[in-house]
Amino acid sequence: TDGKFIEYDDFAEDTAQLTSYSWWILDEKASDFYMSAHFKWSSAYRNADISGCGFAFSIQDNYDHYAVFLDRSRIYFVEEADRFYSPVGLTRGTGRVKFDNPFDKPVEADFTLIVNGTYAYVLVNGEVVGEVVGEYTLSQSRPLEGNVGLTLLSGTNKDYGTRCEMTNLHLWIPDED
């Protein structure tokens, strides 16, 4: 239970850049952490691609990092290296969720990301995502210590694109042994 607990101000942004995401780097660095927030997002287009709010972590000086987003139908987890990003596969679980279309009305959920060693766990509304667990294995060949941040993935170029609000935003970094 020993560690650093940080509560952040509410966050609200929107972006309209299809298949691209924006991110905001926070001052804290960590390799192991617990980060949570209440997400509320909407889309300006009914048939938008994958879109939603999320977190970034392991952000390096060259901007290589991981990012994880909560979409209306799944958890979208990516690793970015050399300015290209690729999906990170599930180790266990389905990574599936089911929300209404964010075009019809804003979607809301509590989102938690836990990173411990080379594993990441995602919880939505206090439950582990997936049949067994929403678990992802991170690369052992890249540094995991780095900044954390907030992310927004847009699924459309129309109007405001994707709008994201984060409230009750917290980060806990355990003391190193």
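Details of the structure are given in the entry above.
Residues numbered from 1 in each chain as written. Predicted model: local features only at pLDDT ≥ 70, side-chain atom pairs only at ≥ 80, totals over all residues. Heavy atoms only, no water.

Undergrad: For unusual backbone geometry, give the residues involved together with the corresponding values.
TA: For Tyr63, which is not a glycine, the phi torsion comes out positive at approximately 75 degrees. Examined against the element boundaries, Tyr63 turns out to sit in the loop between strand 5 (52-59) and strand 6 (65-70). The partly exposed category is assigned to Tyr63, whose relative accessible area is 41%. Phi is positive for Asp159, which is not a glycine, with a value near 45 degrees. The topology assignment puts Asp159 in the loop between strand 14 (146-153) and strand 15 (162-174). (Helix = DSSP H or I, 4+ residues; strand = E, 2+ residues; numbered from the N terminus. Buried < 20%, exposed > 50% of the residue type's maximum accessible area, 1.4 Å probe, protein only.)

Undergrad: Explain the environment of Ser139 to me, and be specific about the residues and the numbers.
TA: One can find Ser139 in the loop between strand 13 (135-137) and strand 14. Between the C-alpha atom of Ser139 and that of Glu79, which follows or precedes it by 60 residues, the distance is 9.2 Å. For Ser139, the contacting residues outside a window of four places in its chain are Tyr66, Glu79 and Leu144. Of the polar contacts made by the side chain of Ser139, one reaches the side chain of Ser141; its length is 2.9 Å. (Contact = heavy atoms within 4.5 Å. Polar contact = N/O pair within 3.5 Å; in protein donor to acceptor, adjacent residues only side chain to side chain.)

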